[in-house]
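Now for the letters of each chain:
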Amino acid sequence: MPWLYPDAMTACGRCGGTVAPDGHCWDCGADQPAFRSHFEVTAPGAAGVSDRGHRRSLNADAMMLTMTGPWTIGVVCDGVSLSPRAERAAQLAADTGAAVLAARLDAGDIPETAHEQAASRAADAVTALAIPDSELSPSTTYVAGVSGPDGIWVAWIGDSRAYWLPDEGPGMALTTDDTAPNEALSSWLGADADTPSPQGRSYRPPSPGSLLLCTDGLWRYLPEPTALRAELDGEDPLPSARALVTYALNAGGHDNVTALIMRGG
C-alpha cells in the first residue's frame with residue numbers, strides 16, 4: 001500500500017512562497033503553524049490521529065503507518081521541544097523507521113531484528129540533521145510497533161509509549177520510559193545522544209485487541225491501560241484514535257498529542 005502522509009500546505013503564510021514537505025518555507029524558512037495541525041492516517045485494521053494541541057505553535061509529533069505482507073507497521077515519534085527543528089527530526093525518524101521495518105520484514109528478518117535495524121537507521125538519519133557549531137541538535141523520541149499473525153512486537157527509545165488494550169480483560173503497558181528520576185529524558189535520537197540501544201518487547205495476545213502507540217501528550221492525561229481502554233470507541237481504530245486525542249484536548253491539550261492504533265490478536 002502507499003505510504004501515508006498528511007496533506008501539506010502549498011503557500012507560506014508569511015511570504016507566500018512554497019512550503020516544503022517538512023512544513024518550512026523554501027523561500028523565507030518560516031515555520032507554518034497550521035502545517036499538520038491536525039491529521040489522520042488509516043489502513044485496514046489501523047488508524048492514527050495527531051493534533052497540535054492548544055498550547056504549542058507547531059505539531060512536532062509524527063507518525064507513519066504502512067502494511068507489507070501479513071505485517072502492519074506503525075511508528076510514532078515526539079520531537080524534543082527544546083531542540084531545533086524537532087518536527088523534522090520526528091518525521092524523519094518515523095519515515096525511516098517504518099521504511100526499514102517494511103524492508104527487513106519483507107526480506108524475512110524476524111521482527112526483533114527488524115526493529116533493531118530500523119531504530120539504528122532512524123537514529124543515523126536524525127543524527128545527520130545536526131546543525132554545525134550548535135550545542136543543540138534536532139532530536140526525537142521513537143516507538144515502533146509491528147502486528148502480525150503470531151503476535152505483536154514493539155521497540156522504543158525515549159518516553160513515547162506502547163500499550164496492549166484487549167477487547168476483554170485487563171490491558172498492559174508494553175514499554176518503560178527512558179527517563180531519569182526527575183522525568184528528564186535519558187535516551188533519545190539525535191546527534192547529542194548516546195548510541196541508541198532500543199528496548200524491545202514481544203507479546204502473543206490470547207484474544208483480539210488494540211496495540212496503541214502514543215506520545216506523552218496523551219499518556220500524561222491517561223497513563224493507565226484501564227483508563228485508555230475505557231475511552232476507545234468500539235473496535236474500529238479510527239473512531240478510537242479520535243476519541244483518545246479528543247480526550248487529551250478536552251483535558252487541556254497542553255502538548256502535541258498522537259494516538260496510533262493497530263488491531264491484533
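Read on for a plain summary of the structure.

Calculation criteria
- Each chain has its residues counted from 1, following the order in which its sequence is written.
- Per-residue local features of the predicted model are confined to residues with pLDDT of at least 70, and side-chain atom pairs are confined, for both listing and counting, to 80 or more; whole-chain, interface and lining totals are unaffected and use all residues.
- Hydrogens and waters are ignored; side-chain quantities use all the structure's heavy atoms.
- At least two DSSP bridges between two strands are needed for those strands to be called paired.
- Helix and strand assignments come from DSSP, with helices taken as H or I runs of at least 4 residues and strands as E runs of at least 2, each series counted from the N terminus.
- Every axis in this analysis is a line fitted to C-alpha atoms, fitted for helices over the stretch in contact. Angles between the N-to-C directions lie between 0 and 180 degrees.
- Only heavy atoms matter for contacts: two residues are in contact if any of them lie within 4.5 Å across the pair.
- One less than the number of residues in a helix, times 1.5 Å, gives the span that helix is expected to have.
- The buried label applies to any residue whose accessible area, calculated with a 1.4 Å probe on protein chains only, is under 20% of its type's maximum; exposed applies above 50%, and partly exposed to all values in between.
- We define a salt bridge as a contact between a side-chain nitrogen of Lys or Arg and a carboxyl oxygen of Asp or Glu at a distance within 4 Å.
- Definition of nonpolar core: a set of buried residues of the types Ala, Val, Leu, Ile, Met, Phe, Trp, Tyr and Cys, connected through side-chain atoms within 4.5 Å.

**A look at the sheet that holds strand 3 (residues 61-68)**
The antiparallel open sheet is built from five strands, whose spatial order is 3-4-6-7-11. The open sheet is flanked by strand 3 and strand 11 (199-203), the only strands paired with a single partner. Here the strands of the sheet are splayed against their neighbours by 10° on average, with no regard to which way each runs. The strands that helix 1 (residues 86-106) touches are strand 3, strand 4 (71-78) and strand 6 (142-148); relative to strand 4, the one it contacts most, it runs at about 160°.

**Here's the deal with helix 1**
Taking 1.5 Å of rise per residue, the 21 residues of helix 1 would be expected to cover 30 Å, and the 30 Å separating its terminal C-alpha atoms lies within 8% of that figure. Among the 21 residues in helix 1, 15 count as buried, and that is most of the element.

**Brief notes about unusual backbone geometry**
Unlike most non-glycine residues, Arg-85 shows phi in positive territory, near 50°. Judged by relative accessible area, which is 32%, Arg-85 ranks as partly exposed. You will see that Glu-183, though not glycine, has its phi angle at about 70°, which is positive. For Glu-183, the location among the structural elements is in the loop between strand 9 (172-173) and strand 10 (189-190). Relative accessible area serves as the criterion here: at 52%, Glu-183 is assigned to the exposed category.

**Remarks on the pattern of salt bridges**
Going through the model one piece at a time under the given rule, you end up with nine salt bridges. A salt bridge links Asp-109 to Arg-104, with the nearest nitrogen and oxygen atoms 2.8 Å apart. Where salt bridges share partners, they join Asp-159, Glu-183, Asp-216 and Arg-220 into one cluster.

**Thoughts on the nonpolar core**
Formed by 27 residues in total, the largest nonpolar core has its most connected members in Ile-73, Val-75, Leu-101, Tyr-142 and Leu-189. Broken down by secondary-structure element, the contributors of at least two residues to this core are strand 3, strand 4, helix 1, helix 2 (111-127), strand 6 and strand 7 (151-157). Looking at this core element by element, the count peaks at nine residues for helix 1. The residues touching Ile-73, leaving out its near neighbours within four places in the chain, are Met-64, Leu-65, Thr-66, Thr-68, Ala-98, Leu-101, Ala-102, Leu-105, Gly-145, Val-146 and Met-262. Counting residues in each nonpolar core, the second largest holds 20 residues, with Leu-165, Ala-241, Val-245 and Val-257 among its members.

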